[in-house]
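# Secondary and tertiary structure notes
One letter stands for each residue in the lines below.
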Amino acid sequence: RSLVVVHFWAPWAPQCAQMNEVMAALAKEHMQVAFVKLEAEAVPEVSEKYGISSVPTFLFFKNSQKVDRLDGAHAPELTRKVQRHASSSSVSAGSNDSAKEDLNVRLEKLINAAPCMLFMKGSPKEPRCGFSKQMVEILNKHGISFSSFDIFSDEEVRQGLKTYSNWPTYPQLYVAGELIGGLDIVKELEASGELDTVCPKAQKLEDRLKNLINKAPVMLFMKGSKQMAKCGFSKQIIEIINNTGVDYETFDILEDEEVRQGLKTYSNWPTYPQLYVKGELVGGLDIVKELKESGELLPVLKGEN
């Protein structure tokens, strides 16, 4: 079939069940599209291959090639993507213009998603070409705060951005929505000393982590939020904390790769969730379960112990 939509889901996540209902409705509407459900934790090698770190996640394939991705329970966005990809194989000239317009709006949003945006091959932690690797090294060396987009994750963005920016290669660096250029330009700016004035500086990671840990008396770093956990361990820990009645705040480590990796080193604790009280690490799910069983959890959360 021309379009295959794969839903990576988990039975413990209520948002996945909701999105399965949305998929069932879309399947009736788009008979030519194949909708597939894959339990993410049951196929770890597939999930790892496609970078599935949370559920629900949807991947879109055409002719066995991945063409798009959607992370999270966004029914309107899923509907829009299915409609766009299902119709793009047989578009008329008029609707082709409208699809082009939609893509340009999307590219504009991505370019402006952060003050400094890098479109690259791979991620800052795992660059997938030498030029992208060099670009990341230069930005990190200068302490520049940037977000990135992996152009391998979206073929439409990969091709569309070349035309939109009139720049044929990657990586591409944007500041305040304006194209700075590729690796050669950034090297020139570095050599002339202009790079530090052009790009926004990052807050030191250690300072940022300290601020986040102390943002509330009880801070939970987890996958997802207290309203929508995105892994089984995070779901269990919020259920335990909710039962104590103690107020707490959460930070979604899936939204910030720098915090996700940095906090593991900072706290010397390799997994998530991580619970902090008054800036001090309590531990993960196992520790919280032990404290609950011993009756110590409430005093610890109140900072009495």
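Keep in mind it's a predicted model, so treat the numbers as computed, not measured.

When its secondary structure is counted, the protein shows 13 helices and 12 strands. With the principal axes as the frame, the protein shows a C-alpha extent of 70 × 60 × 30 Å. Across the 305 residues of the protein, 42% fall into the buried class. Taking contacts inside the protein between residues at least 6 apart in sequence as the whole, the part at least 24 apart equals 64%. Working note: accessible area of the protein is about 15,900 Å², and carbon and sulfur atoms make up 50% of it. Charged side chains of the protein number 36 positive and 41 negative; the gap between the two group centres comes to 3 Å.

Here we come to the pairing of strand S6 (residues 147-150). When strand S5 (residues 116-120) meets S6, the two strands line up parallel, connected through 4 bridges. When the sheet's bridge partners are listed, Phe119 is paired in S6 with Phe149. Regarding the hand of the β-α-β motif, the stretch spanning S5, helix H5 (residues 130-141) and S6 is right-handed.

This brings us to the domain arrangement of the protein. You can read the domains of the protein as domain 1 (3-87), domain 2 (100-198) and domain 3 (206-302). A straight line from the C-alpha centre of domain 2 to that of domain 3 covers 33 Å.

In this section: the environment of Val82. Inspection of the secondary structure assignment puts Val82 in helix H3 (residues 75-88). C-alpha of Val82 to C-alpha of Glu156: the two residues are 74 residues apart in sequence and 14 Å apart in space. When sequence neighbours within four positions are dropped, the list of residues in contact with Val82 reads Leu3, Val5, Leu26, His30, Phe35 and Phe60.

Within the fold, Ser47 resides in helix H2 (residues 44-49). Under the relative-accessibility criterion, Ser47 is labelled buried at 6%. There is a polar contact of 2.8 Å between the side chain of Ser47 and the backbone oxygen of Ala40. Discounting chain neighbours no more than four positions away, the residues touching Ser47 are Phe8, Ala40 and Ile52.

Our next topic: the confidence of the model for the protein. When the pLDDT values of the protein are averaged, the result is 89; 94% of them are 70 or greater. Note that pLDDT drops below 50 for residues 90-95; the model gives that stretch 1 contact with residues more than four away or on any other chain.

About the criteria used
- Residues numbered from 1 in each chain as written.
- Predicted model: local features only at pLDDT ≥ 70, side-chain atom pairs only at ≥ 80, totals over all residues.
- Heavy atoms only, no water.
- Helix = DSSP H or I, 4+ residues; strand = E, 2+ residues; numbered from the N terminus.
- Buried < 20%, exposed > 50% of the residue type's maximum accessible area, 1.4 Å probe, protein only.
- Contact = heavy atoms within 4.5 Å.
- Areas by Shrake-Rupley, 256 points an atom, 1.4 Å probe, with all protein chains shown as cover.
- Lys, Arg positive; Asp, Glu negative; His and termini not counted.
- Charge placed at Lys NZ, Arg CZ, Asp CG, Glu CD.
- Pairing = 2+ DSSP bridges.
- Right-handed = clockwise from strand over helix to strand, strands pointing away.
- Domains from an automatic or database assignment.
- Polar contact = N/O pair within 3.5 Å; in protein donor to acceptor, adjacent residues only side chain to side chain.
- pLDDT = per-residue confidence, 0-100.

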